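Given next are the chains, with one letter for each unit.
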Amino acid sequence: MAGIRAGGALRRQYENQLYEKYLYLIADGTRKHRLDEEDCASAYSDAIMTVIESVVSNRFEGRSELKTYLYQIFTNKCVDAIRKKTTNRSSVHNAISLDDSLLQLPDAARSVVQRLIAESDVDNLRRQLQTIGERCRTMILSWGDGYSDDEIAQLLGYNSAAVAKTSRLRCLEKLRERFRDTP
Amino acid sequence: MNDLDLIENYLTGQLPADEQTRFEAALRTDPALADALAFYVLARHTATADARAERRAEFDALRRKAGVPLPPDPVETPVVRPFWGRPVSWAAAASIVLLLGLGWYFLQPGTTPADATMAISRQVDAYVASHFVTLPTTMDGGTTDSLTIGINYVNKGQLPQAEAVFRAVLTRQPANENALKYAGIVALRLQKYDYAIELFHRLGERTDLFSNPGRFYEALARLKRGRPMDKEQAKKLLKEVIIKNLDEKPEATQLLNALL
């Protein structure tokens, strides 16, 4: 947990260690919830990512043990998976979540930006991100994954956070051009 | 400074106040800037979603490499064989069995009522962590209403601000089902259990809704409040959810099994 919170280049290793430590929960889940292994594995991965986000953002306060916390979240994810299979209802959690940083915009500007976002071709953006080039793609995905410019600099061997940020913004600019120019 | 850099500095609060004002004014008159901001936000969202999908794939690779390990072996309880086949009197044999049985009973690690209550509370906490900390919103191009603002306060962890927003909506529209739900969720997270129970109860009383988790949420709030009759009341609510096939039935089944 401390390793994940500390961040930096080793964070991913600690996250992998966490994932591997409780892998046996998948077999436990297939037996208990009668889900197939793939569904349980997906629920387990989602639970691990939820725990990681909670640890990084200090939302996990440590009042219960990490294993207990993970187990309960995993159980809920398994139940979600069962419900999805039995009701065919798509989860509301699949909706694109509004970036809360838009809250600070004045109302009129926020409406305009929201409308532009709603009209955008997300699939095209995703395709451009896949083909933009490995280094740019890694930078942009790391940024999306919540890594700071300092962590990105360590991961990719830049001299400083400032240099990493400049490169990242250049990659974003490149992505924007490709997105704009492709129908 | 190019526009993406300016946008990032604005969104992360790094612009001085006068430049913030100029930026916001420019958004109204410069469609290219608004477009760039929309792109930035969408790019961030797409990057986050794709990063999660890749991470899931990496985890799958780790799992396949490890094989899926089996859960730890359950602890074997020793089998006590009665002395029926031995040449001892039945009375002596019965006494020995009784003594062994009593010894087994007193040596078993018991689950105290306090342990059970803690386990239920942890189960509720885990549900709250996975369902009530990040609430879904949708980008539908025009929703700037108070509920969306309140939800975004919740997602930022600004619960008192969220509470104020939802209370204001309920003042104007006391029967608004979404305001009842979200105000109840915020009250639960702020440990204002009495208020949370009141709101979820009002929600649960509605029979005209397609989707209504009111009864289940009220059960959760009662289990957290933990007053003398709350547990029994929570069981009744969970049974109602199961019998009437209301929202969150699988979760209610699981929680009720733990309570019984």
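Everything that follows concerns the structure shown earlier in this document.
I will try to describe carefully the structure that is included in this document. (Residues numbered from 1 in each chain as written. Chains lettered and ligands numbered in written order. Predicted model: local features only at pLDDT ≥ 70, side-chain atom pairs only at ≥ 80, totals over all residues. Heavy atoms only, no water.)

So, on to the interface of chain B and chain A. Taken together, the contact between chain B and chain A spans 72 residues of the former and 79 residues of the latter. Summing both partners gives a buried area of about 7,100 Å² for chain B against chain A, and 62% of it is carried by carbon and sulfur. Here Arg 63 of chain B makes a salt bridge to Glu 37 of chain A, at a shortest N to O gap of 2.6 Å. Inspection of the region where chain B meets chain A yields 18 residue pairs in polar contact (both at pLDDT 80 or more). Contributing elements (two or more residues each) for the side of chain B that touches chain A: helix H1 (3-11), helix H2 (17-29), helix H3 (31-66), helix H5 (113-131), helix H6 (146-155) and helix H12 (249-259) of chain B. (Contact = heavy atoms within 4.5 Å. Buried area = accessible area lost by both parts, 1.4 Å probe. Salt bridge = Lys/Arg side-chain N within 4 Å of Asp/Glu carboxyl O. Polar contact = N/O pair within 3.5 Å; in protein donor to acceptor, adjacent residues only side chain to side chain. Helix = DSSP H or I, 4+ residues; strand = E, 2+ residues; numbered from the N terminus.)

Below, the discussion takes up the pattern of salt bridges. In total, this model carries 37 salt bridges over all chains according to the counting rule given. For Glu 54 of chain B, the salt bridge is made with Arg 137 of chain A, and the minimal N-O distance between the two is 2.2 Å. Placement of the pair is Glu 54 of chain B in helix H3 and Arg 137 of chain A in helix H8 (residues 134-144), with the two residues belonging to separate chains. Residue classification places Arg 137 of chain A among the buried residues on the basis of a relative accessible area of 10%. The shortest N-O distance in the salt bridge between Glu 58 of chain B and Arg 55 of chain B comes to 2.7 Å. You can see Glu 58 of chain B and its partner Arg 55 of chain B sitting in helix H3, 3 residues apart, about one turn around the helix. Residue class for Glu 58 of chain B comes out partly exposed when judged on its relative accessible area of 33%. Arg 55 of chain B gets classed as buried once you look at its relative accessible area, which sits at 3%. Among the charged side chains, a salt-bridge network with shared partners connects Arg 11, Arg 12, Glu 15 and Asp 145 of chain A together with Arg 55 and Glu 58 of chain B. (Buried < 20%, exposed > 50% of the residue type's maximum accessible area, 1.4 Å probe, protein only.)

Take unusual backbone geometry next. Even without a glycine there, the phi angle at Arg 34 of chain A is positive, about 55°. Relative accessible area serves as the criterion here: at 78%, Arg 34 of chain A is assigned to the exposed category. Here Asn 245 of chain B, not a glycine, exhibits a phi torsion of approximately 55°, which is positive. The residue Asn 245 of chain B is located in the loop between helix H11 (230-243) and H12 in this model. Accessibility expressed as a relative area gives 55% for Asn 245 of chain B, which makes it exposed.

Ranked by size, the top nonpolar core spans 45 residues in total, and within it Ile 140, Leu 172 and Leu 175 of chain A together with Ile 7 and Leu 37 of chain B carry the most contacts. Not counting residues up to four positions away in its chain, the partners in contact with Ile 140 of chain A are Leu 129, Ile 132, Cys 171, Leu 172 and Leu 175 of chain A together with Ala 47 of chain B. Val 124, Val 128, Ala 196 and Tyr 217 of chain B belong to the second-largest nonpolar core, a separate cluster that totals 44 residues. (Core = buried A, V, L, I, M, F, W, Y, C linked by side-chain atoms within 4.5 Å.)

This next bit is on the packing of aromatic side chains. For the structure on display, the rule yields 13 aromatic pairs over all chains. Look at Tyr 10 of chain B and Phe 23 of chain B: their rings are 4.4 Å apart centre to centre, the planes differ by 25°, and that puts the pair in the stacked class. Taken together, the positions of Tyr 10 of chain B in helix H1 and Phe 23 of chain B in helix H2 put the pair 13 residues apart, joining distant regions of the chain. We classify Phe 23 of chain B as buried; its relative accessible area is 3%. Aromatic pair Phe 216 of chain B and Tyr 217 of chain B: ring centres 6.3 Å apart, planes at 55°, arrangement tilted. Across the pair, exposure class does not vary: Phe 216 of chain B and Tyr 217 of chain B are buried alike. Through a chain of ring-to-ring contacts, three or more aromatic side chains come together here, namely Tyr 127, Phe 132, Phe 200, Phe 216 and Tyr 217 of chain B. Above the ring of Tyr 147 of chain A, the side-chain terminus of Arg 11 of chain A is found at 4.4 Å from the ring centroid. Across from the ring centre of Tyr 195 of chain B, 4.2 Å away, lies the NZ or CZ of Arg 167 of chain B, which sits over that ring. (Phe/Tyr/Trp six-rings, centres within 6.5 Å; stacked < 30°, edge-to-face > 60°. Lys NZ or Arg CZ within 6 Å of the ring centre and 35° of its normal.)

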